[in-house]
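# Chain and residue survey
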Amino acid sequence: MLTGDTLEELGDPVLVPVEIKLQASQFSKVDDILITARPRQGGEEFRVAIGDRRDPNVVPSSDATVALVGSYLREVIEHWGEIQAGRYRLALAVTDRNTHGHEVAGLAGIASGRGPEEFRTEASRSGPTNRKMRARLEQLDHVVAEAVSRGIGTHGVPTRELTWRLLSALRVHHLRLEDGDERDYTQAVSSLRSEAVGNTAGAAEQVLSRIEHLVGGWAPTAAQVTEAMLRRDLAARLKPRFSSVGAEVQSAEVEPDALIRGPVAHLGLAPDFQEAQRLEAADPASAARLYARVADALETSVWAPLALSLRQRQAKAHHEAGDHAKGVAANVTVLAAALPMGEVWRAMSVVRRLVNDQIEAPDELIRAANALGDLASFEYHHDVSLDDIAASIDALQITDPHCLMAVTWFAEHAVASDRTDLLRSRVEGLTSLSASAEQADQIWQARLLACLADTDRSGVMWTALAGSARSKYPPPVTALLLARHARYLADAGRAQDALDRYDDAIERAVQRRNHQDAAAWAEAHNLVRIRYGLQTARIGETYPTATALRAAGGGSVLPEPFSARERARGRVANHARPAETLQALT
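What comes next concerns the included structure. (Residues numbered from 1 in each chain as written. Predicted model: local features only at pLDDT ≥ 70, side-chain atom pairs only at ≥ 80, totals over all residues. Heavy atoms only, no water.)

### Focus on the overall build of the protein
Rules: Going along the chain from the N terminus, every DSSP run of H or I of four or more residues is numbered as a helix, and every run of E of two or more is numbered as a strand. It is over C-alpha atoms that the radius of gyration is taken, and the globule rule equals 2.2 Å times the number of residues to the power 0.38. For every residue, the accessible area obtained with a 1.4 Å probe (protein chains only) is divided by the maximum for its type, and the residue is called buried under 20%, exposed over 50%, and partly exposed between those limits. Whether two residues touch is decided by their heavy atoms; if any such pair falls within 4.5 Å, the residues are in contact. Residue exposure ignores everything except the shown protein chains as possible cover, and the areas themselves are Shrake-Rupley values with a 1.4 Å probe. Counting rule for charge: Lys and Arg are taken as positive, Asp and Glu as negative, and neither His nor the chain ends is counted. Each charge is placed at NZ for Lys, CZ for Arg, CG for Asp and CD for Glu.
Check the secondary structure of the protein and you find 28 helices and 6 strands. Relative to its length of 586 residues, the protein is extended, with a C-alpha radius of gyration of 31 Å against a globular reference of 25 Å. Its C-alpha atoms give the protein principal-axis dimensions of roughly 100 × 65 × 45 Å. Buried positions account for 49% of the 586 residues belonging to the protein. Partitioning the contacts of the protein with sequence separation of at least 6, the portion at a separation of at least 24 is 62%. For the protein, the accessible area works out to roughly 27,900 Å², and carbon and sulfur atoms hold 50% of it. Between the averaged position of the 66 positive side-chain charges in the protein and that of its 78 negative side-chain charges there is a distance of 1 Å.

Laid out in structure tokens, this is it:
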């Protein structure tokens, strides 16, 4: 799956594996490995079920062999139509030194493409077979008869024909991994070399070793392994490529021109916008520059979210011009802006296009796109967990675009989901990342440090962070940290300390005219009093106070550049899901 190569067991060079089920008893009686494959260009599914036996003894006195053959016969009888159509195959993996395996493989080669009578005639001749192969066929007939006698419904098919059906459907794979014969291992390392970081044999061996370790953990859990799953767990060892943990999402179109023309005209950039549209086909590089200019202007205006639409157009124009590095950089800019704005559907559409196109781009952009895209998938898909996206976050490097933002976003989701264990195992790396933050990233640094402080049950980290906030950060960020400390104190059962912290945070927010923050923290203050039975006469003041604060202005240390109402209108224009639109409107 990692290399995109086909498998001999699939019997067709255009088929490539897309999923591997381990211990798949609920899907097949031959349940060690079940591989699903599709043609490279997409289309109908094909399957191959593989039984893994190191050194089978193909004689009727072997109970293990009779049970094994019985499982193959059940699949042959139940899926004979699919087998004849070539959509289902059976395989047996044995060691290369297994003599019976070689003999069965020879018989299977004769049975393939021949009818039952023609097979018997050919198998009885010297030349195509030898005495040992003919004796093995006789033994296999007895094994089939013994398996049938143990309760297999044959639907009236004679035993000799069942043997032929089994052999005609079977491929025997000889594993060369023992007694100093490492040809299969060497071949695997060679094929993985182009996928491994560094493109060296040593790096490929590390990838293979990690795969062996992962399979050892997956097999007992009947795991269903996909390429995306493999790439997530091997992210640190593989060359980056675009990937997404979420199910496919239909790509959303950018905002219709009608929504953009008014703000663009107000900014005096209508000629640039129109010229960019005209040049899209003839001179996409120039169109990209004009779209970037319009987007820059929108980002500094009250219509900032509309800039995302222009960034998407800019990215598309760069790709059309063949400048994929600039195109992916614009895509990553959209991803980083869409998450805080709540435009998860837009982020999903961007990352899906990148995954489908698989264009060449610098590694740092691929890592950033994968991390931000996986965060969007977590918010968009209910079946995506933080564990699923952790690998793409771990793959980030400090110098990658929006690295601090992506890691902080992950950390806040972990705290909100009560999964601080995901942070405790990464404290050292996250602390190092926060220390590298530049002045412009102070808010992200503070938010990440707050999440790390939440992992310390003793409260020592929070005491140090809250104590240094006043001298280290500007007042709005200090207020945020005090409110986050209040949340920690409330969860720790220190209600009065939490109320005092919230009072301090609210006062600082009001002084800086961050009324949205003050309103939210006033409501949290009220919830703490309710939770701990500390209601006073003030309990009825919370709603009018919060309402008045919100009416006084929209300031926040975590700015909301686009109102929920306007986001909802954008979703309507983009034919988004009705439930999302309703949620935004309410």
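Next comes the rest of the account.
### Describing the pairing of strand β4 (residues 88-95)
Using the following cut-off: One bridge is not enough; two strands pair if DSSP finds at least two bridges between them.
For β4, the buried fraction is high: 8 of the 8 residues fall into the buried class. Burial along β4 is two-sided: the face carrying Tyr88, Leu90, Leu92 and Val94 and the face carrying Arg89, Ala91, Ala93 and Thr95 are both buried. Pairing geometry for strand β3 (residues 46-52) and β4, over 6 bridges, is parallel. Its bridge partner being in β4, aspartate 52 is matched across the sheet by alanine 93. As judged from the 6 bridges shared by β4 and strand β5 (residues 170-175), these two strands associate in the parallel manner.

### Section: the packing of aromatic side chains
Which entries qualify depends on this criterion: Pairing of aromatic rings covers Phe, Tyr and Trp, the last through its six-membered ring, and needs centres within 6.5 Å; plane angles under 30 degrees mean stacked, over 60 mean edge-to-face, and all others mean tilted. By definition, being over a ring means that NZ of Lys or CZ of Arg is both within 6 Å of the ring centre and within 35 degrees of the ring normal.
Under the definition given, this model contains 4 aromatic pairs. Ring centres of tryptophan 80 and tryptophan 164 lie 5.7 Å apart, and the angle between their planes is 70 degrees; this geometry places the pair in the edge-to-face category. Of this pair, tryptophan 80 sits in helix α2 (residues 80-84) while tryptophan 164 sits in helix α6 (residues 159-169), placing them 84 residues apart in sequence. Given a relative accessible area of 12%, tryptophan 80 falls into the buried group. According to the relative accessible area criterion, tryptophan 164 is buried, its value standing at 11%. One cation-aromatic arrangement involves lysine 21 over phenylalanine 27; the distance from NZ or CZ to the ring centre is 4.8 Å.

### Notes on the environment of arginine 40
In this structure, arginine 40 sits in the loop between β2 (33-39) and β3. Taking C-alpha positions, arginine 40 is 8.6 Å from glycine 4, a pair spaced 36 residues apart along the chain.

### A few points about the packing of helix α17 (residues 386-394) against helix α18 (residues 403-416)
Helix-helix packing is described using two parameters, namely the angle between the two axes and the distance between the axes. Selection rule: A fitted line through C-alpha atoms serves as each axis, taken over the contacting stretch for helices, and the angle formed by two N-to-C directions is quoted from 0 to 180°. Any angle from 65 to 115 degrees is called roughly perpendicular, while one under 35 is roughly parallel, one over 145 is roughly antiparallel, and all others are oblique. Crossing handedness follows the turn of the near helix against the far one: under a right angle anticlockwise gives a left-handed crossing, and clockwise gives a right-handed one. Gly is put with the polar residues, along with every residue not named as nonpolar or charged; the nonpolar set is Ala, Val, Leu, Ile, Met, Phe, Trp, Tyr, Cys and Pro, and the charged set is Asp, Glu, Lys and Arg.
Running from N to C, α17 and α18 cross one another at 160 degrees; their axes reach a closest spacing of 11 Å. Looking at the two axes, α17 sits roughly antiparallel to α18. Relative to α18, the crossing made by α17 is left-handed. Contacts between α17 and α18 involve Leu386, Ile389, Ala390 and Ile393 from the first element and Ala406, Val407, Phe410, His413 and Ala414 from the second. For the contact of α17 with α18, a count of residues per class yields 8 nonpolar, 1 polar and no charged.

### Structural notes on the environment of alanine 123
The residue alanine 123 is located in helix α4 (residues 116-123) in this model. Placed 12 residues apart in sequence, alanine 123 and alanine 111 show a C-alpha to C-alpha distance of 8.5 Å. Those residues in contact with alanine 123 that sit more than four places away from it in its chain are Ile110, Thr129, Arg134 and Leu137.

### Digging into the pattern of salt bridges
Any two side chains of opposite charge can pair, on the condition that their charged atoms come close. Heads up, the rule is: Here a salt bridge means any side-chain nitrogen of Lys or Arg lying within 4 Å of a carboxyl oxygen belonging to Asp or Glu.
Inspection of the entire model under this criterion finds 30 salt bridges. The partner of arginine 367 in a salt bridge is aspartate 400, with the nearest N and O atoms 2.8 Å apart. Placement of arginine 367 in helix α16 (residues 363-380) and of aspartate 400 in the loop between α17 and α18 is noted, with a sequence separation of 33 residues between them. Overall, the relative accessible area of 12% leaves arginine 367 in the buried class.

### Here we look at α16
What counts, and what does not: Expected span of a helix: the number of residues minus one, times 1.5 Å.
Compared with the 26 Å implied by 1.5 Å per residue over 18 residues, the 25 Å span of α16 between its first and last C-alpha is a close match. Buried residues dominate α16, accounting for 15 of its 18 residues.

### Details of the sheet that holds β5
Strand order across the open sheet formed by 6 strands is β5-β4-β3-β2-β1-β6, with mixed pairing between neighbours. Of all the strands in the sheet, the pair left with one neighbour each is β5 and β6 (224-226). If you compare each strand with its neighbour and ignore which way they point, the axes differ by 25 degrees on average. Set on the sheet, helix α1 (residues 63-78) makes contact with β3, β4 and β5; between it and β4 the angle comes to about 165 degrees.

### Topic: a nonpolar patch on the surface
Note the following rule: Each patch is assembled from residues with relative accessible area greater than 30% and no salt bridge, linking like charges that lie within 9 Å and nonpolar side chains (Val, Leu, Ile, Met, Phe, Trp, Tyr) that lie within 5 Å.
On the surface, a nonpolar cluster with roughly 260 Å² of combined accessible area is contributed by Leu527, Ile530 and Ile539. Mapped onto the fold, leucine 527 is located in helix α25 (residues 515-531). Under the relative-accessibility criterion, leucine 527 is labelled exposed at 56%.

### Description of the packing of helix α24 (residues 495-511) against α25
Relative to each other, α24 and α25 sit at 165 degrees, their axes nearing to 9 Å. Here α24 is positioned roughly antiparallel relative to α25, judged by the angle of their axes. In this structure, α24 meets α25 at a crossing whose hand is left-handed. Contacts from Ala495, Ala498, Leu499, Tyr502, Asp503, Ala505, Ile506, Ala509 and Val510 of α24 reach α25 at Asp517, Ala518, Trp521, Ala522, Ala524, His525, Val528 and Arg529.

### Observations concerning the environment of proline 56
Residue placement: proline 56 occurs in the loop between β3 and α1. In the structure, proline 56 is positioned 134 residues away from serine 190 in sequence and 29 Å away in space, judged by C-alpha atoms. Beyond its immediate chain neighbours, meaning those up to four positions away, proline 56 contacts Val94, Asn98 and His100.

### Observations regarding α18
The end-to-end C-alpha separation of α18 is 20 Å, in line with the 20 Å expected for 14 residues at 1.5 Å each. Of all 14 residues in α18, 12 are buried; the element is thus mostly enclosed. Taken residue by residue, α18 has Cys403, Leu404, Met405, Ala406, Val407, Thr408, Trp409, Phe410, Ala411, His413, Ala414 and Val415 as its buried positions. Once α18 finishes, aspartate 418 follows within two positions and takes phi at roughly 60 degrees, a positive value.

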